[in-house]
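# Observations on the three-dimensional arrangement
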Amino acid sequence: MANDDEMAYLFAIQNQQNQINFQPRPRTVNNNIINSFELTDSAFIKNYRLTKNLANTLIQELSPFLKSPKRSSDLDVSTKVLVALNFFATGSYQTPVGNSRFTSVSQSSVSRCIEEVTSALNTDNVFGKWVKFPSSLRELRKVRNEFYENTGIQGCIGCIDCTHVAIVPPIKDPLNAHSEYIYVNRKGYHSINVQLICDSKLRILNVNALFPGSTNDSYIWNNCDVLPILEQIYRNGQQGYFLLGDSGYALRPWLLTPINDPVTDVEQYYNKIQMTTRSAVERCNGVLKMRFRCLLKHRFLHYHPEKCTKIINACTVLHNMCIIHNVELPVEEGPTNIEMGIIQHSNHPNNGQHFGGNDLLLGRQTRSVVANYLYRNRRH
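Residues numbered from 1 in each chain as written. Predicted model: local features only at pLDDT ≥ 70, side-chain atom pairs only at ≥ 80, totals over all residues. Heavy atoms only, no water.

Under the annotation held in an unreviewed UniProt entry, the chain carries the name DDE Tnp4 domain-containing protein and is attributed to Macrosiphum euphorbiae. Checking UniProt for the chain, the heading Sequence similarities (unreviewed entry) contains the comment "Belongs to the HARBI1 family." The record held by UniProt for the chain lists under Cofactor (unreviewed entry) the comment "a divalent metal cation". (UniProt positions renumbered as here; feature names shortened; annotations may be inferred.)

Now the structure itself:
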């Protein structure tokens, strides 16, 4: 029987022979890659949601914030943007995105593309350009006039609601103040509760994707940077500007809600117009999620909550680009019965309608004035 030294020697000889005979497998090159910009216009929109011209505009706009290729194997800026757009559009896992006939890149490369492009879309220069609440009375009047022309309701400058974007359960960390359970919403799944404020054209004026799924809608609104702006406008004497929200919000002069248990014709007509107009934010949410399907409930964002917030913001930017440039949804992906993540509120006394002192009284007065104006000028 060979001793230990002989065994070691034989192993060394065999290992050396294996190294001599080893032939590295050549790198596989996919010669069937399709140039995305050679697709038909409809096929391009289906895969990337933007038109070709708009995609080129986005590539140019994000270029300063993306790493330029330094080696021949590095991905160029255009590929990075298209890979990320395809992920936002389809919600597919990263490996299928990377193995598509348009890119054929590794899973790790897809991950880096999503990270880079998402961060670029969240920079102040980009996000602040495409998602912004009116910053002057002139801009507010423009939004208000558009609502009036479309709905007949005078004074509305936006519709507000919250929607849930499903995420995988965050990793439990005893040192993290944000425990896993606070992301479980009332429907029983983990989510980010996202506040949207939109105009009559479904353009998103403000998005807040910072709060976990268990957070109440009214709490998010009370911690939103738009609230003090509208309150200040009202207290400065400009009292013809308000949002429309559902019964989950507290009635205020700057946020009008439905009338609980309407009795008179005036009250019933107000509720009808209020709810019809407010449905804009529900349509906005539906268009946002059907266009960027990574936000749909059954897809789940497989990332840490902070990155999920950035992805939601990124999709908001892209949504507004599509709205402003009149990019249609792909025909086969119109409205469906898919759950859109909006949780309806009951008319419960604790929803804030019965608290608020003088502001609540002023809110009732404002709502009464609006209701009477609507009824007198109702469209037959």
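On we go.
Before going further, it helps to spend a moment on the overall build of the chain. The secondary structure content of the chain amounts to 13 helices and five strands. The buried share among the 380 residues of the chain stands at 50%. Taking contacts inside the chain between residues at least 6 apart in sequence as the whole, the part at least 24 apart equals 70%. As presented, the chain carries roughly 20100 Å² of accessible surface, and 51% of it is formed by carbon and sulfur atoms. (Helix = DSSP H or I, 4+ residues; strand = E, 2+ residues; numbered from the N terminus. Buried < 20%, exposed > 50% of the residue type's maximum accessible area, 1.4 Å probe, protein only. Contact = heavy atoms within 4.5 Å. Areas by Shrake-Rupley, 256 points an atom, 1.4 Å probe, with all protein chains shown as cover.)

Under the defined criterion, the tally for this structure stands at nine salt bridges. Two residues, K307 and E115, come together in a salt bridge whose shortest N-O distance is 3.2 Å. Here K307 is found in helix α12 (residues 305–324), whereas its partner E115 is found in helix α6 (residues 107–121), with 192 residues between them in sequence. Residue K307 is classed as buried on the basis of its relative accessible area, which comes to 16%. Among the ionic pairs, D199 bridges to R203, the shortest N-O distance being 3.4 Å. The class for D199 is buried, based on a relative accessible area of 2%. When salt bridges with common partners are traced through the structure, they connect K142, E146 and K201 into a single cluster. (Salt bridge = Lys/Arg side-chain N within 4 Å of Asp/Glu carboxyl O.)

With 20 residues, α12 extends 29 Å from end C-alpha to end C-alpha; this agrees with the ideal 28 Å at 1.5 Å per step. The buried fraction of α12 amounts to 17 of the 20 residues, a majority that puts the element mostly inside the structure. (Expected span 1.5 Å × (residues − 1).)

Attention now goes to the packing of aromatic side chains. Per the stated rule, a full pass over the model turns up seven aromatic pairs. Seen in terms of ring centroids, F87 and Y303 are 6.2 Å apart; in terms of plane orientation they differ by 90 degrees. Their pairing is edge-to-face. Here F87, found in helix α4 (residues 77–90), pairs with Y303, found in the loop between α11 (265–291) and α12; they are 216 residues apart in sequence, far enough to count as distant. The same class applies to F87 as to Y303, namely buried. The lysine or arginine in question, R378, covers the ring of Y375, its NZ or CZ lying 3.9 Å from the ring centre. (Phe/Tyr/Trp six-rings, centres within 6.5 Å; stacked < 30°, edge-to-face > 60°. Lys NZ or Arg CZ within 6 Å of the ring centre and 35° of its normal.)

To continue, consider the nonpolar core. Within the largest apolar cluster, 103 residues are counted, with the highest numbers of intra-cluster contacts made by F88, L121, W221 and L301. At ten residues, α12 tops the list of elements feeding residues into this core. Once residues lying within four places of it in the same chain are set aside, the contact partners of W221 are I160, Q195, I197, V226, L227, L230, L243, Y249, W254 and L255. (Core = buried A, V, L, I, M, F, W, Y, C linked by side-chain atoms within 4.5 Å.)

Of all nine residues making up strand β3 (residues 204–212), eight are buried, and the element is well covered by its neighbours. Where strand β2 (residues 191–198) and β3 come together, six bridges link them in antiparallel fashion. Bridged to L196 within β3 is V207. Hairpin remark: β2 followed by β3, antiparallel, with five residues in the connecting loop; positive phi at L202, about 75 degrees. (Pairing = 2+ DSSP bridges.)

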